[in-house]
Amino acid sequence: MPERFTVTTPIYYVNDVPHIGHAYNEVATDVLARWHRMRGDDTWMLTGTDEHGQKIMRTAAANGVSPQDWTDRLVETAWIPQLELLNIANDDFIRTTDERHKIGVRIFLERLKEAGYIYHGEFEGQYCVGCEEYKTPNDLVPGTGEFEGQLVCAIHSRPVETVREANYFFKLSEFGDRLLALYDERPDYVQPEHVRNEVRQFVKQGLNDLSISRNTFDWGIKVPWDETHVVYVWFEALLNYITANGYGVDDERFERRWPATHIVGKDIARFHAVIWPAMQMAAGLPISDHVFGHGWLLVGGEKMSKSKATGIEPRQITEVFGVDAFRYYFMSAIAFGSDGSFSWEDLDARYHSELANGLGNLASRVIAMVHKYCDGVVPAVDADDDIQSLVTDAVGRADTAIDRFAIDEAVDAAMSIVERLNGYITEQAPWVLAKDDAQRDRLAAVLASNVHGIGAAAILLAPVMPESAQKLWAAVGGEGDVLAQPIREAHAWQGTGRVSTVPPLFPRIEQAQPAT
Ligand SMILES: [Zn+2]
């Protein structure tokens with residue numbers, strides 16, 4: 001039986017404009033999914049959009065269309081095109097306006113109610129419509145400018161609204177001890193460590209019950225036993241991870257796909273590692289495999305966001321550097337799990353040193369030499385021992401890094417092959433060996449070593465740069481689809497024994513940053 005690997009992005013809030021912060025999450029999740037597919041795991045990648053709530057209802061009205069038309073338009077013009085642009089190979093795309101989602105949410109709520117975890121109660125709180133979340137006093141900061149003298153949401157810098165509602169509540173407060181036990185028993189459930197500590201600390205302070213319905217607007221999924229209420233948008237959105245894979249309606253499919261691993265930004269780790277597992281416990285579901293909270297992308301020291309004018313559209317970067325370089329840069333330059341700073345200068349420098357000069361130049365030199373000295377036939381001899389063991393070691397390191405969600409380390413292991421081969425060529429100087437008939441065997445071994453290493457690197461880089469890796473793979477004599485190669489056996493690949501030609505993979509770029 002192949003291992004199951006179900007992996008999810010958050011579902012994106014449809015009103016947002018897709019920026020490189022979303023793209024970062026999508027690419028990372030895609031790389032993990034592609035890696036697991038290349039292991040032969042039973043892999044399934046889910047992404048989608050979060051489409052209900054008051055803010056969407058308000059913006060739809062402001063644009064003079066129905067909420068459904070509004071979200072349809074955003075999905076079609078922004079969110080699906082972003083996935084296509086970034087070459088994301090998701091297996092499914094769920095919208096919270098899908099019928100399958102609405103059905104699953106109602107089934108889940110009925111089960112929670114039957115189990116005694118839902119009650120009707122009164123609540124007054126400070127609500128941020130931007131966050132779609134009640135705020136505690138700790139979440140508020142003094143306002144500035146036009147909001148001077150008021151308390152505002154720390155994320156949105158806008159005043160919160162005092163909301164008094166008679167709502168349905170989820171007994172979240174009953175799950176504190178079980179959640180703490182979960183974090184202790186499964187130390188790898190929440191990662192990385194600093195996010196786990198933050199979540200643990202939050203639960204230790206004690207949990208309040210969670211208001212899970214609203215009756216002041218109607219853009220949402222109706223509570224099954226009281227149609228004057230719609231389900232709180234966050235509570236409902238989290239359920240996409242199960243409603244997409246047959247929860248309540250297709251048990252066989254559900255058992256095959258669940259539990260899942262969630263890749264989220266650290267700012268929403270609390271929802272995924274506190275509220276969501278409590279919901280799973282209440283409904284008697286197996287708990288998610290992992291919640292990984294990655295860092296933020298910073299531009300000029302600030303978290304990327306449209307409202308703060310630091311939003312960069314992925315297209316601005318891909319139009320200059322290409323999609324694969326975009327994917328490579330964000331996966332390699334930032335330790336996955338830490339915050340990372342984006343700058344055009346850093347992107348430009350890494351593109352030229354690592355991709356254009358490092359990888360692209362290596363491949364074109366080696367291929368040219370095999371043509372020149374061996375008529376395009378790769379010498380049928382073993383690679384040098386030290387190169388072979390370096391490659392085998394890199395494959396193992398990359399693969400275990402993926403199990404720790406250390407995508408940057410996996411890329412680093414792959415690129416260590418490239419770096420070593422560049423040094424090795426300089427040391428071995430095949431152009432000197434070629435002038436001496438007595439050195440024919442050495443020349444053969446050096447060329448075979450290079451081709452062997454490049455082919456293995458192409459396999460390891462395929463989840464990150466699918467298109468460039470395919471070209472590289474084919475050029476060194478790899479057969480078929482590089483993404484179909486068993487990644488754990490990348491060091492043992494066998495090709496046709498002939499090189500072809502490699503198109504320029506990473507052309508030099510004169511002006512990196514687009515004029516604005
Ligand atoms: Zn807010």
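A quick note: this is a predicted structure, and the numbers were derived from the prediction, not measured.

What counts and how
- Residues numbered from 1 in each chain as written.
- Predicted model: local features only at pLDDT ≥ 70, side-chain atom pairs only at ≥ 80, totals over all residues.
- Heavy atoms only, no water.
- UniProt positions renumbered as here; feature names shortened; annotations may be inferred.
- Helix = DSSP H or I, 4+ residues; strand = E, 2+ residues; numbered from the N terminus.
- Contact = heavy atoms within 4.5 Å.
- Pairing = 2+ DSSP bridges.
- Donors = N, O, S within 2.8 Å, 3.2 Å for Na, K, Ca; no water.
- Tetrahedral: all angles 85-135°; square planar, octahedral: opposite > 155°, others 65-115°.
- Buried < 20%, exposed > 50% of the residue type's maximum accessible area, 1.4 Å probe, protein only.
- Axes fitted to C-alpha atoms, helices over the stretch in contact; angles between N-to-C directions.
- Parallel < 35°, antiparallel > 145°, perpendicular 65-115°, else oblique.
- Left-handed = near helix turned anticlockwise from the far one by under 90°.
- Nonpolar A, V, L, I, M, F, W, Y, C, P; charged D, E, K, R; others polar.
- Core = buried A, V, L, I, M, F, W, Y, C linked by side-chain atoms within 4.5 Å.
- Phe/Tyr/Trp six-rings, centres within 6.5 Å; stacked < 30°, edge-to-face > 60°.
- Lys NZ or Arg CZ within 6 Å of the ring centre and 35° of its normal.

**A word on the UniProt feature "short sequence motif: 'HIGH' region" (unreviewed entry) in the protein chain**
Annotation from UniProt places "short sequence motif: 'HIGH' region" (unreviewed entry) at residues 12-22. As a span, residues 12-22 carries 27% helix and 18% strand, and end to end its C-alpha atoms are 8 Å apart.

**Here's the deal with the environment of glycine 248**
Inspection of the secondary structure assignment puts glycine 248 in the loop between α8 (240-243) and α9 (251-257). Between the C-alpha atoms of glycine 248 and alanine 444, which are 196 residues apart in sequence, the distance is 61 Å. Leaving out residues up to four positions away in the same chain, glycine 248 has contacts with Ile107 and Arg111.

**Some details on the pairing of strand β13 (residues 226-231)**
Here 2 bridges tie strand β11 (residues 213-214) to β13, and the two strands are oriented antiparallel to one another. Paired with arginine 214 across the two strands is valine 230, which belongs to β13. The pairing of strand β12 (residues 222-223) with β13 spans 2 bridges and is classified as antiparallel. Within β13, the position partnered with lysine 222 by the bridge is valine 230.

**A few points about the coordination of the zinc ion**
Looking at the zinc ion, one finds its protein donor set to be Cys128 (SG), Cys131 (SG), Cys153 (SG) and His156 (ND1), positioned 2.1 to 2.3 Å from the metal centre. Classification of the site at the zinc ion rests on its 4 donor atoms, whose angles at the metal span 97 to 114°, yielding the label tetrahedral. A relative accessible area of 12% places cysteine 131 in the buried class.

**Considering the packing of helix α13 (residues 344-374) against helix α15 (residues 407-428)**
The contact between α13 and α15 brings their axes to 10 Å, and the two run at 55°. Overall, the two elements α13 and α15 adopt an arrangement that is oblique. Judged by the twist between their axes, the crossing of α13 over α15 is left-handed. Touching Glu354, Asn357, Gly358, Leu359, Leu362, Arg365, Val366 and Met369 of α13 are Met415, Val418, Leu421, Asn422 and Ile425, all from α15. Here the residues of the contact of α13 with α15 are counted per class, giving 8 nonpolar, 3 polar and 2 charged.

**Overview of the nonpolar core**
Nonpolar side chains in soluble globular proteins tend to be buried together. Among the nonpolar cores identified, the biggest contains 108 residues, and Ile317, Phe330, Met331, Phe342, Leu359, Ile407 and Leu460 are the most heavily contacted of them. With residues up to four places along the chain from it excluded, the contact list for phenylalanine 342 reads Ile20, Leu298, Val299, Ile312, Ile317, Tyr329, Phe330 and Leu347.

**Notes on unusual backbone geometry**
With an omega of -10°, the peptide bond running from glutamine 191 to proline 192 counts as cis. In this structure, proline 192 sits in the loop between β9 (190-191) and α6 (193-204). Looking along the chain, the bond that leaves tryptophan 258 and enters proline 259 is cis, with omega of 10°. The topology assignment puts proline 259 in the loop between α9 and β14 (261-265). Despite not being glycine, aspartate 375 shows a phi value in the positive range, around 55°. One non-glycine residue, alanine 429, lies in positive phi territory at about 45°. Examined against the element boundaries, alanine 429 turns out to sit in the loop between α15 and α16 (430-433). On the basis of relative accessibility, which here comes to 13%, the residue alanine 429 falls in the buried class.

**Topic: the packing of aromatic side chains**
All told, the structure shown has 29 aromatic pairs when counted by the stated rule. Ring centres 5.9 Å apart and planes at 65° place the aromatic pair tyrosine 24 and phenylalanine 336 in the edge-to-face group. A residue pair is termed long-range when its members are at least 10 positions apart, and tyrosine 24 in helix α1 (residues 20-39) and phenylalanine 336 in the loop between α12 (323-333) and β18 (340-342) qualify at 312 residues. For the pair tyrosine 24 and phenylalanine 336, a shared accessibility class is recorded, and that class is buried. Between phenylalanine 292 and phenylalanine 336, the aromatic rings sit 4.9 Å apart at their centres with planes inclined by 5°, giving stacked as the arrangement. One end of the pair, phenylalanine 292, is in strand β15 (residues 290-294); the other, phenylalanine 336, is in the loop between α12 and β18, and 44 residues separate them in sequence. Neither phenylalanine 292 nor phenylalanine 336 differs from the other in exposure class; each is buried. Grouped by ring-pair contacts, the aromatic residues Phe108, Tyr117, Phe170, Phe175, Phe235, Tyr241, Tyr247, Phe254, Trp258 and Trp276 constitute a single cluster. When the ring centre of tryptophan 225 is taken as reference, the NZ or CZ atom of lysine 113 above it lies at 4.8 Å.

**Some remarks on the sheet that holds strand β2 (residues 42-50)**
Read from one edge of the open sheet, 6 strands run β3-β2-β1-β14-β15-β9, paired in parallel fashion. In this open sheet, the two edge strands, each paired with only one partner strand, are β3 (92-95) and β9. Relative to β14, strand β1 (residues 4-13) runs parallel, the two being bridged by 2 bridges. When the bridges of β14 are listed, valine 7 appears paired with threonine 261.

**Some details on the sheet that holds strand β16 (residues 297-299)**
Taking strand neighbours across the sheet as the criterion, the 3 strands line up as β17-β16-β18 in an open arrangement whose pairing is mixed. Lying at the two open borders of the sheet, with one neighbouring strand each, are β17 (302-303) and β18. Alignment of β16 against β17, held across 2 bridges, turns out to be antiparallel. Note that in β17 the partner of valine 299 across the bridge is glutamate 302.

**Examining the packing of α1 against helix α14 (residues 385-403)**
Interaxial distance between α1 and α14 falls to 11 Å at its minimum, and their mutual angle equals 125°. The angle between α1 and α14 places the two elements in the oblique class. The chirality of how α1 crosses α14 is left-handed. For the pair α1 and α14, the contacting residues are Leu32, Trp35, His36 and Arg39 in the first and Ala398, Asp399, Ile402 and Asp403 in the second.

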